[in-house]
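The chain contents come next:
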Amino acid sequence: MKAAVASVAVAGALAAVSTPTLARDTINIVGSSTVYPFATVVAERFGRNTDFPTPKLESTGSGGGLKLFCEGVGTEHPDITNASRRMKPSEFERCQSNGVEEITEVKIGSDGIVIASSNKAENLDVTLKQLYMALAKEVPDPKGGDKLVANPYKNWSDVDSSLPNKPIRVMGPPPTSGTRDAFNELVMEGGCAEFPMIEEMEGDKKDQACMSMREDGAFIEAGENDNLIVQKLTSDTSSYGIFGYSFLEENAGTLQAATINGKEPTMENISSDAYPIARSLWFYVKKAHVGVVPGIPEYVTEFTSEQTWGPNGYLADVGLIPLDEASREQWAEQAQNLKPMTGDELK
């Protein structure tokens, strides 16, 4: 009897090991909180107007989404990841090493990063240099000399007398977010470039000087959910928040945006790159899952159609800033043909 039970147990264990992962019938999408609202609108229309189920979306941040996406091939892994920055070469290499070899890259449009506050608060008219001085962990010693010191600025007016006389308190995304990556590159690097002593630094030392954010409560990591930042700003007129332009558009009745380097975050200024904190938005498709999870090519076609991402498309109504016509045609052809990346695009 014991031998028979043992044989059954072994057979069951072998069956469990050899059983393939059950196929999904629903597209699984992860990634950027900035792209999330746009992808959600596309997914809802796709589910409503086709015979395919509405795709499942999860807001994990750009870095978190690419990490999940690159973990492997198989229905336990995501099919598509959204990103508010382009894939890094190191991420592409990680995908390749894990068997995620054919990836289609799609650029979907532009977005601006805003420094927003309640429309009942005192608005900011600020420069990249002033933002760096307000938010960096260490700054050039205001007393002079060639050294960095712990950020001494408590109020915005300590940075510059033209700024509000109230404590520096800014809520923003964590390091896993593409918005944080873009903010570091466009704002923190742009601001610290104004200081010759930092520009003369090299490698990691310079990166640390430019991109290390304050940890004394002036900068608050508020998670991947930008809606939570929006909610906090509406009830707290002393704070500012960092997030994508589309969230400002959605909450135009309650929020206002700072002017950066003399430019307001309008669609025109962002699309023309006149606004200094503008960035491109992307998604990436795992070609190995096409034909395994139903609806992936059809979803890609829906997202890259003129009725969706064109200047009169429904995504423009929720804040997406479209690519120019020639670029849309180029990216639509690449997306709908599921053209794989080579990796050279990222160099």
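For every chain, the first residue of the written sequence is number 1, and numbering continues from 1 along that sequence. Residue-level local features of this predicted model are given only where pLDDT is at least 70; pairs of side-chain atoms are given and counted only at 80 or more, and the full residue set underlies all totals for whole chains, interfaces and linings. Side-chain figures throughout are based on the complete set of non-hydrogen atoms in the structure, without hydrogens or water.

1. As for the overall build of the protein
- To qualify as a helix, a DSSP run of H or I must reach at least 4 residues; to qualify as a strand, a run of E must reach at least 2; elements of each kind are numbered from the N terminus. A tally of regular secondary structure across the protein gives 15 helices and 13 strands.
- The contact criterion used throughout is that any non-hydrogen atoms of two residues lie within 4.5 Å. Across the protein, contacts joining residues at least 24 apart in sequence account for 73% of those joining residues at least 6 apart.
- Two residue types count as positive, namely Lys and Arg, and two as negative, namely Asp and Glu; His and chain ends fall outside the count. Positions of charges follow a simple convention, taking NZ of Lys, CZ of Arg, CG of Asp or CD of Glu. Counting 31 positive and 50 negative side-chain charges, the protein places the centres of these two groups 6 Å from one another.

2. Examining the layout of surface pockets
- In this structure, the largest pocket occupies an estimated 380 Å³ of space.
- Forming the boundary of the largest pocket are 18 residues, of which Arg-85, Arg-86, Asp-181, Ala-182 and Glu-185 lie nearest the centre.
- Boundary definitions for the domains trace back to an automatic or database domain assignment. Looking at which domains feed residues into the lining of the largest pocket, each of domain 1 (28-111 + 280-346) and domain 2 (112-278) gives three or more. A pocket, in this scheme, is an open set of points on a 1 Å grid over the protein atoms alone with protein on both sides within 12 Å along at least 5 of 7 lines, while a cavity is a set where a 1.4 Å probe fits but cannot get out; residues line either one if an atom lies within 4 Å of a point. Grid points are joined across faces, edges and corners, and a volume is the space filled by probe spheres set on the points.

3. Considerations on the pattern of salt bridges
- Basic side-chain nitrogens of Lys or Arg form a salt bridge, by our definition, when they fall within 4 Å of a carboxyl oxygen of Asp or Glu. Under the criterion given, the structure shown has 12 salt bridges.
- Across the salt bridge formed by Arg-328 and Glu-306, the nearest N and O atoms sit 2.8 Å from each other. Separated by 22 residues along the polypeptide, Arg-328 in helix α15 (residues 325-336) and Glu-306 in helix α14 (residues 306-309) bring together distant segments of the chain.
- Type-normalised accessible area, obtained with a 1.4 Å probe on protein chains alone, sets the label of each residue: buried when under 20%, exposed when over 50%, and partly exposed for intermediate values. Look at Glu-306 and you get partly exposed, because its relative accessible area is 44%.

4. Structural notes on the state of the cysteines
- Counting rule for disulfides: a pair of cysteine sulfur atoms within 2.5 Å. Enumeration according to the criterion identifies two disulfides in this entry.
- With a sulfur-sulfur separation of 1.9 Å, Cys-70 is cross-linked through a disulfide to Cys-95. Across the S-S bond of Cys-70 and Cys-95 the torsion is about -75°, and the bridge reads as left-handed. Of this pair, Cys-70 sits in the loop between α3 (62-69) and β3 (80-83) while Cys-95 is found in helix α4 (residues 89-97), placing the two residues 25 residues apart along the sequence. In this structure, Cys-70 and Cys-95 share a single accessibility class: buried.
- What pairs with Cys-192 in a disulfide is Cys-210, and their sulfur atoms sit 2.0 Å apart. Across the S-S bond of Cys-192 and Cys-210 the torsion is about 80°, and the bridge reads as right-handed. One end of the pair, Cys-192, is in helix α7 (residues 178-192); the other, Cys-210, is in helix α9 (residues 203-211), and 18 residues separate them in sequence.
- Under the relative-accessibility criterion, Cys-210 is labelled buried at 3%.

5. A closer look at α3
- Where α3 is concerned, the buried positions are Ser-62, Gly-64, Gly-65, Leu-66 and Phe-69.
- Against β1 (28-31), β3, α4, β4 (103-118), α7 and β13 (278-286) lie the buried residues of α3.

6. A look at the packing of helix α2 (residues 36-49) against helix α13 (residues 296-303)
- What counts as an axis is a line fitted to C-alpha atoms, over the stretch in contact for a helix, and the angles between N-to-C directions run from 0 to 180 degrees. With their axes 10 Å apart at the nearest point, α2 and α13 run at an angle of 120° to one another. Put simply, α2 runs oblique to α13. Crossing hand, α2 versus α13: right-handed. For the pair α2 and α13, the contacting residues are Ala-39, Val-42, Ala-43, Arg-45 and Phe-46 in the first and Glu-298, Tyr-299, Glu-302 and Phe-303 in the second. Angles below 35 degrees are treated as roughly parallel, those above 145 as roughly antiparallel, those between 65 and 115 as roughly perpendicular, and all remaining angles as oblique. Note on convention: near helix rotated counterclockwise from far helix by under a right angle means a left-handed crossing. Clockwise means right-handed.

7. Here we look at unusual backbone geometry
- Of note in this structure, Asn-261 is not a glycine but carries a positive phi near 50°.
- The residue Asn-261 is located in the loop between β12 (259-260) and α12 (267-271) in this model.
- Take Asn-261: its relative accessible area is 40%, and that puts it in the partly exposed class.
- Of note, the phi angle at Asp-273 is positive, near 65°, even though the residue is not glycine.
- Judged by its relative accessible area of 62%, Asp-273 falls in the exposed class.

8. Some remarks on the domain arrangement of the protein
- Per the domain assignment, the segments making up the protein are domain 1 (28-111 + 280-346) and domain 2 (112-278).
- Spacing between the C-alpha centres of domain 1 and domain 2 amounts to 28 Å.
- The interface is formed by 20 residues belonging to domain 1 together with 20 residues belonging to domain 2.
- Contact with domain 2 buries area across many residues of domain 1, yet Ser-33, Asp-111 and Ile-321 alone supply 38% of it, more than any other trio.
- Counting the contacts that link domain 1 with domain 2 gives one salt bridge.
- Each polar contact in these results corresponds to two N or O atoms within 3.5 Å; when the atoms are within protein, one needs to be able to donate a hydrogen and the other to accept it, and residues that are neighboring in sequence are counted only if both atoms are side-chain atoms. The interface formed by domain 1 and domain 2 includes eight residue pairs in polar contact (both at pLDDT 80 or more).
- Note on residue categories: nonpolar means Ala, Val, Leu, Ile, Met, Phe, Trp, Tyr, Cys or Pro, charged means Asp, Glu, Lys or Arg, and polar means any other residue, Gly included. Among the residues making up the side of domain 1 that touches domain 2, the classes are represented as six nonpolar, 11 polar and three charged. Defined in terms of a 1.4 Å probe, buried area is the accessible area two parts forfeit on being brought together, summed over both.

9. Some words on the packing of aromatic side chains
- Stacked, tilted and edge-to-face are the three classes assigned to paired rings of Phe, Tyr and Trp, where Trp is represented by its six-membered ring and a pair needs centres within 6.5 Å; plane angles under 30 degrees give stacked, over 60 edge-to-face, the rest tilted. According to the stated counting rule, one finds eight aromatic pairs in the structure shown.
- Put simply, the rings of Phe-46, Phe-52, Phe-283, Tyr-299 and Phe-303 touch in pairs and so form one group of aromatic residues.
- Geometrically, a lysine NZ or arginine CZ counts as sitting over a ring once it is within 6 Å of the ring centre and also within 35 degrees of the ring normal. It is Arg-45 that lies over the ring of Tyr-314; its NZ or CZ is 3.9 Å from the centre.
- Between Lys-286 and the ring centre of Phe-69, over which it is positioned, the NZ or CZ distance is 4.7 Å.

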